[in-house]
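Listed below, chain by chain, are the residues.
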Amino acid sequence: HKIKGVIHSFIRIETEGGAALSLTTGHFLYVNGALEVAGNVEKGDVLLLSNMTTSKVVKVFRLFDRGLYNPQTIHGDIIVDGVI
């Protein structure tokens, strides 16, 4: 889906390598080598980056922002702001 005007709650995750992304708590990403929902990510966890390296999470917080986007892929993995 793509809903530009809606305001929604997100999790903001930032890593020591400078990667940062905002996503809903139910979106999946690779955390400590396994798929995990964003709502369970904690400081000290390790994220898989698009260049197939990892980076330690240094900050996790909630925010409100405008827009909801959920692209669908055949494979299931998608790169957002350098994070798989």
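The structure under discussion appears in the preceding block.
Rules of the game
- Residues numbered from 1 in each chain as written.
- Predicted model: local features only at pLDDT ≥ 70, side-chain atom pairs only at ≥ 80, totals over all residues.
- Heavy atoms only, no water.
- Helix = DSSP H or I, 4+ residues; strand = E, 2+ residues; numbered from the N terminus.
- Buried < 20%, exposed > 50% of the residue type's maximum accessible area, 1.4 Å probe, protein only.
- Salt bridge = Lys/Arg side-chain N within 4 Å of Asp/Glu carboxyl O.

Colleague: Which residues make up unusual backbone geometry, and what are the values?
Modeller: Backbone geometry at asparagine 32 places phi at a positive 55°, although glycine is not the residue there. Tracing the backbone through its elements, the reader meets asparagine 32 in the loop between strand E3 (28–31) and strand E4 (34–37). Phi angles above zero are rare outside glycine, and methionine 52 is one such case at about 70°. Overall, the relative accessible area of 57% leaves methionine 52 in the exposed class.

Colleague: Tell me about the pattern of salt bridges, and name the residues and values.
Modeller: When the charged atoms of two side chains lie near each other, side chains of opposite charge can form a pair. The final tally for this structure, using the stated rule, is one salt bridge. In this structure, arginine 12 engages glutamate 14 in a salt bridge whose closest nitrogen and oxygen atoms are separated by 3.6 Å.

Such coordinate-based values are descriptive only and should not be taken to indicate function.
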